[in-house]
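Inside the fold
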Amino acid sequence: MNDLFETQQQVWDPLEAVNGSDQEILTAAKKREIKNILKSYVGTYDPMSELIQNAMDAVERRQTAGATFSPKLIIKIDLCENSFQVVDNGVGFTRDQFRAFIAPNISFKREATTRGNKGVGATYIGYGFNHLEIRTRNSEFKFQGQFRNGREWVEDTSGTIHRPQVEVTTSHDVIFDQIDQGSSFKIRFGGKNTRPLNLNWYQATTPEQWLYLLLLKTPLGYLNLENGVVSAVAFDLIVVDATGNELSSRDCAAKYKYPHEEIKASQRLSDVKTAQFQAVERGKDPSAAIDKFRNSNGIYEFYKPKDVLSFVRTLSAEEAESVESYNVHAYGYFVYSTSVWDHLNDTKAELRKGYRVLRGGLQMANNSMAQGDLITIPLSKNIGHQNQTHVVVHFSGAEPDLGRKGFQPELRTLS
Ligand SMILES: Nc1ncnc2c1ncn2[C@@H]1O[C@H](COP(=O)(O)OP(=O)(O)OP(=O)(O)O)[C@@H](O)[C@H]1O
Ligand SMILES: [Mg+2]
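Residues numbered from 1 in each chain as written. Chains lettered and ligands numbered in written order. Predicted model: local features only at pLDDT ≥ 70, side-chain atom pairs only at ≥ 80, totals over all residues.

1. Quick word on the pairing of strand 12 (residues 361-366)
Of all 6 residues in strand 12, 5 are buried; the element is thus mostly enclosed. Bridge count for strand 12 against strand 13 (residues 369-375) is 4 bridges, and the pairing is antiparallel. Of the residues in strand 13, the one forming a bridge with alanine 365 is alanine 370. (Buried ≥ 20, exposed ≤ 12 C-beta atoms within 10 Å, placed from the backbone. Helix = DSSP H or I, 4+ residues; strand = E, 2+ residues; numbered from the N terminus. Pairing = 2+ DSSP bridges.)

Rendered as structure tokens:
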């Protein structure tokens, strides 16, 4: 009976054994693995964010390596072509890295400070869409090519679509040709189950309009609630509108679009409080002292971890500990009327009518990047206030789940 359990080998590694399986089984497993990664991406700005994140990491890694150069990103949105391109003058790739980086769960970043390190961003870019152009150049390695029909292969259940391959192309790209070294990635959107389907949807046709979207929704909106230091990375933004007309904004600063910098007559809460205290000290009427603040549109404040702890009194012991360990900083803007958001979106930014890119809600952020869509602020009293308050809660070193879907539930509750 015993020999029923006998195998040739007494010890083996299942992760290696899997390589001996049938090719069909292996392909199906890879497809499943990739599908799971794609499923973890739910936001419309995810492809832009992943490309920008990798580009920012690439220029910062070149800086860390001691190079003297001006870290730069060039972003081109082509509404004719329905494409989004990010060019960076960062580290580029080695040949071996380049051959593997689109594969699931491959990452070459070991630094704790990089934005990415899960190795799924490039998989999503490659297999989440159907048209990716890739260019890279440094002193060791250069390549220009394309990766087509990634998404179609993933979605195909009939087995008729071939597994996509990276192919060499000879075409040139004027922006990429200008940088001394670095990489360029361009996604052309469109196709079943892909999002965004069409970049014209936002009705943003100028660089200024795209800044509203990109600085609020992608890592270009570098967030530093701790000391306000801005990112060293500058970027150019080029927009080609549907008629082929090209407009650009040069040397833009990578910085979050704080509502108080966009909405005129915004008051800082601490200034209001200081005015009141000073009046009391001088024996004057504190409410008269703040008359000059009365005709404002809204009020804002920045909060350090100690402020968060003293301000939110209902925190559990674990939550209080998380505030410390994740170095939680926050920012809040309260508008006196939600028509201020409407005005900003429809009249000032002139974005798609009714599309509120800046509005009340909770924006979670980690390591200087806003992550995911705005969450409705769960208020039990004064429900209207949830639409009036734009809150950013920033963590350091909180690993959001795979992809960009979200944070651990404890951290969400804490925010
Ligand atoms: N623009 C780029 N310049 C240089 N290397 C890049 C660039 N984009 C991607 N890479 C390399 O490809 C690897 C895989 O990228 P990918 O986005 O999948 O993973 P990641 O950035 O390490 O982690 P995450 O999944 O969190 O984004 C990176 O670790 C990096 O080494
Ligand atoms: Mg990445």
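2. Here's the deal with the site of ligand 1
As a structural note, the neighbourhood of ligand 1 is formed by 24 residues, with Asn54, Ser107, Gly116, Gly121 and Ala122 the closest of them. Among the elements that line the shell around ligand 1, the one with the most residues is helix 3 (residues 46-64), at 4 residues. (Near = placed C-beta within 6 Å.)

3. What about the sheet that holds strand 8 (residues 246-253)?
Taken in spatial order, the 8 strands line up as 5-4-3-6-2-1-7-8 in an open sheet, and their pairing is mixed. A single partner strand is all that each edge strand has here, and the edge strands are strand 5 (166-168) and strand 8. With direction set aside, neighbouring strand axes in the sheet form an average angle of 15°. Sitting on the sheet, helix 3 touches strand 1 (72-78), strand 2 (83-88) and strand 6 (182-188), and the angle it makes with strand 2 is about 10°. (Axes fitted to C-alpha atoms, helices over the stretch in contact; angles between N-to-C directions. Contact = placed C-beta atoms within 7 Å.)

4. A closer look at the pairing of strand 11 (residues 329-335)
The buried fraction of strand 11 is high, at 5 of 7 residues. As paired strands, strand 10 (residues 298-303) and strand 11 are joined by 6 bridges and run antiparallel to one another. In the strand pairing of strand 11, tyrosine 300 is matched with tyrosine 333. Note that strand 11 and strand 14 (residues 389-395) share 6 bridges and pair antiparallel. Residue pairing in the sheet places tyrosine 333 in a bridge with histidine 390 of strand 14.

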